[in-house]
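# Coordinates in review
So you can see what is in the structure, the chains are spelled out below.
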Amino acid sequence: MVEIENIFGVMRGHQEPDRWIMMGNHRDTWVHGAVDATTGLATLNEIGHGLSELREQGWRPRRTIVLASWGAEKFDVNKNRDCRKNKYTPQEQGIIGSTEFVEDYMTLLQEKMVAYINVDVAASDRDNFTPAATPNFRPLLERATKQASSSYHAGNFSTLYEQWQHTSQDRELFLRSKSTTPKIKDLGSGSDYAAFINMAGVSCIDLTITGPYYTYHTEYDNFEYLSKYADPGMKATKAVTEVAARILFELATEKLVPLNATTYSTYVKDKISASDLEKDLKSQEIEYDILEKSLTKFVENAAEYEARRAKLLDDKSRKQMDLRRFNDQMLQMERSFIFPPGLPNRPQNRHILIAPSLLDSYSGSVFPGLFDAIAIAKEKQNDPESDKYWNEVRKQLTIAAWVTKAAARALSSDVFPA
C-alpha cells in the first residue's frame, strides 16, 4: 500500500486569516511529465519563491494564501469519457489527492474558501491561451492578461490578452453581437479544480496555454520535447505564471473580492438564450417561465450587487464588517448552485450550473443535468415509456430554477426589506 500525500505552503493573512485563496498543481505524472504537469509545478514553485521573498521583506496578504501540491491526480485515469457507460467516481478517474482533501474539509472550505486557482499543464504549446473558469473571473482574468507578456511564436502582440483575443474569440458571442470577447471555457472535471467547484461550490479558474501535444502521457513527454518543441525559452510557462501571480495577488489583497457577479449572471442568461432550451421545452408543453424568471432575477440582483461595490469603496464611514458581508455574498452565490443530492447518477457532481456533461466527463456545460436529460429524452422519443424521460426533464428544470433563484437571493442587499 502506498500513502498519498498532499503538501501545503501557507502564508497567513493579517486581516482576514480565515478567508483562503488557494492555488494548486499535481506533482505526479505519467513517466517524465515535463509538460503535464511539471510546467504547472514550475509555476507554483516560482510563485512560492516570490511570496517567500515578500515575506522576508515583512509583507503579508490580507487573506491567507495556500499553495497546494496534490498527490495522485494521475492514478488509474480512465480515458473513456462516456459517463453513461462508465459511472466512475472522481477517485476512480484519478484526481485523488485534491478530492480527498475537499471531502475531508468540506464544511471548512465552504465557510472560508474564496477561490481556487489551478495550474495543471501551464504550457503544452506557445499559441493558444485557453483558460477555463467560473464566469465571475472574467474581469480579473482580463486585467491580469493585459499585464502579462505574450508567448505567441509568430505575431507582434505586446500582451497575453492581445494574443488570447486573436487566437480564441468566443464565437457564440461574436455571431450574436459582433463582440471580440476572448473565450473562457466551461470547467469540466479533468483536473484538481473538479472537487472544489463540483462538490464544494468554490469559484475556480484553470490556466493553460495549449496546442498540439503529441507526447501526452508517454515517455516522450520529457525536457527535450518541452524545451525544443512545446515551449522553447519557457515563454508560455512564464506568461501563465505572470497571470496566475496577478490573480492570486488581487484575490489575496483587495478589500473587496475582485470576482464579478454581473459577468456571471449575464453569461448564464446568454448561454441559455443561445440554446434551443425554450423550443425543446415548449414542444413538450413544459413551462420555460420558471427558469426564465429566476434568470431575470439573477441578472437584476447581480447588477444591483455590482452597483453597491463602487458605493462601498467610496463610503468613508464603512466598517470592516460591511466589506466582509459584501464579500461573503459572492461566496454564497457560488455555493447556492450546490444541490446536495447531485446530478442524476453522479452524486459527487453537485454544482447544478457548472459540471461535466454526461456525454463528456472532461469538458463542462451549463445546467448539464437539464440538457443531458433533454438529450436522453430525445433519444428515447419513440420509447413506450418516453414520458418518464420528459418527467426527468421537468425535475431538472425545477432544480435549475430553484438554485438560480437561490443564487439571486444570495446577492440581494436585504432578504427582509423594510
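Notes on the structure in this doc start here. Since the structure is predicted, the reported quantities are computational estimates derived from the model, not experimental observations.

## Observations regarding unusual backbone geometry
The phi torsion of most residues other than glycine is negative, and most of the peptide bonds are trans. The peptide bond linking D36 to A37 adopts the cis configuration, its omega dihedral lying at 10°. In this model, V31 sits at a positive phi of 60°, which is unusual for a non-glycine residue. Along the chain, V31 falls in the loop between β2 (16-26) and α1 (38-56).

## Thoughts on the pattern of salt bridges
Enumeration over the complete set of coordinates arrives at 18 salt bridges. A salt bridge links R324 to E16; its shortest N-O distance comes to 3.4 Å. Within this pair, whereas R324 is found in helix α13 (residues 320-335), its partner E16 is found in strand β2, the two being separated by 308 residues in sequence. For the residue pair R324 and E16, the accessibility class agrees, reading buried in each case.

## A few points about the nonpolar core
Counting 106 residues, the largest nonpolar core has F196, L207, I247, L251, L291 and F367 as its most contacted members. Ranked by residues supplied to this core, first place goes to helix α15 (residues 386-410) with 11 residues. Discounting residues that sit within four places of it in the chain, F196 has contacts with M22, W70, S98, F101, V102, L109, M113, Y116, G201, V202 and C204. A34, V121, Y213 and A230 belong to the second largest nonpolar core, which has 7 residues in total.

## Regarding the environment of K395
Along the chain, K395 turns up in helix α15. K395 gets classed as partly exposed once you look at its relative accessible area, which sits at 48%. Here the alpha-carbon distance between K395 and L370, two residues 25 residues apart in the chain, equals 8.4 Å.

## Topic: the packing of helix α10 (residues 261-273) against helix α12 (residues 289-314)
Running from N to C, α10 and α12 point in directions that differ by 160°, and their axes come no closer than 8 Å. Of the possible angle classes, the one that applies to α10 and α12 is roughly antiparallel. Judged by the twist between their axes, the crossing of α10 over α12 is left-handed. Facing A261, T262, Y264, S265, V268, K269 and I272 of α10, the residues of α12 in contact are L295, T296, F298, V299, A302, A303, Y305 and E306.

## Quick look at the packing of α12 against α13
Two elements in contact, α12 and α13, have axes separated by 11 Å at closest approach and are oriented at 155°. Classified by the angle between their axes, α12 and α13 sit roughly antiparallel to one another. For the pair α12 and α13, the sense of crossing is left-handed. On the side of α12, the interface is formed by F298, Y305, E306, R308, R309 and L312, while α13 contributes D322, L323, F326, N327, Q329, M330 and M333. Of the residues assigned to the contact of α12 with α13, the class counts are 7 nonpolar, 2 polar and 4 charged.

## Observations regarding the packing of aromatic side chains
Scanning all chains against the criterion turns up 18 aromatic pairs. Aromatic side chains Y116 and F196 sit 4.4 Å apart centroid to centroid with 10° between the ring planes, which places their arrangement in the stacked category. With Y116 in strand β4 (residues 113-118) and F196 in helix α7 (residues 194-200), the pair connects residues that are 80 residues apart, well separated along the chain. A residue is classified by how much of its surface remains accessible, and Y116, at 0% relative accessible area, is buried. Under the relative-accessibility criterion, F196 is labelled buried at 0%. Arranged with centres 5.9 Å apart and planes meeting at 65°, the rings of F298 and F337 form a pair that is edge-to-face. Note that F298 is positioned in helix α12 and F337 in the loop between α13 and β9 (354-357), a separation of 39 residues in sequence. Given a relative accessible area of 0%, F298 falls into the buried group. Every member of this aromatic cluster is reached through a ring pair, and the members are F8, W70, F101, Y105, Y116 and F196. Taking NZ or CZ as reference, K146 lies 4.7 Å from the ring centre of Y161, over its face.

## Focus: the sheet that holds strand β1 (residues 7-11)
Pairing is mixed in the open sheet, where 6 strands are placed in the order β1-β3-β2-β4-β7-β6. The outermost strands of the open sheet, each flanked by one partner alone, are β1 and β6 (132-133). Pairing analysis gives 5 bridges linking β2 to β4, with the strands arranged parallel. What sits directly across from M23, in β4, is I117.

## A short note on the side chain of Q348
The residue Q348 is located in the loop between α13 and β9 in this model. Judged by its relative accessible area of 14%, Q348 falls in the buried class. Among the polar contacts listed, one links the side chain of Q348 to the side chain of E103, at a separation of 2.7 Å.

How each quantity is defined
Residues numbered from 1 in each chain as written. Predicted model: local features only at pLDDT ≥ 70, side-chain atom pairs only at ≥ 80, totals over all residues. Heavy atoms only, no water. Helix = DSSP H or I, 4+ residues; strand = E, 2+ residues; numbered from the N terminus. Salt bridge = Lys/Arg side-chain N within 4 Å of Asp/Glu carboxyl O. Buried < 20%, exposed > 50% of the residue type's maximum accessible area, 1.4 Å probe, protein only. Core = buried A, V, L, I, M, F, W, Y, C linked by side-chain atoms within 4.5 Å. Contact = heavy atoms within 4.5 Å. Axes fitted to C-alpha atoms, helices over the stretch in contact; angles between N-to-C directions. Parallel < 35°, antiparallel > 145°, perpendicular 65-115°, else oblique. Left-handed = near helix turned anticlockwise from the far one by under 90°. Nonpolar A, V, L, I, M, F, W, Y, C, P; charged D, E, K, R; others polar. Phe/Tyr/Trp six-rings, centres within 6.5 Å; stacked < 30°, edge-to-face > 60°. Lys NZ or Arg CZ within 6 Å of the ring centre and 35° of its normal. Pairing = 2+ DSSP bridges. Polar contact = N/O pair within 3.5 Å; in protein donor to acceptor, adjacent residues only side chain to side chain.

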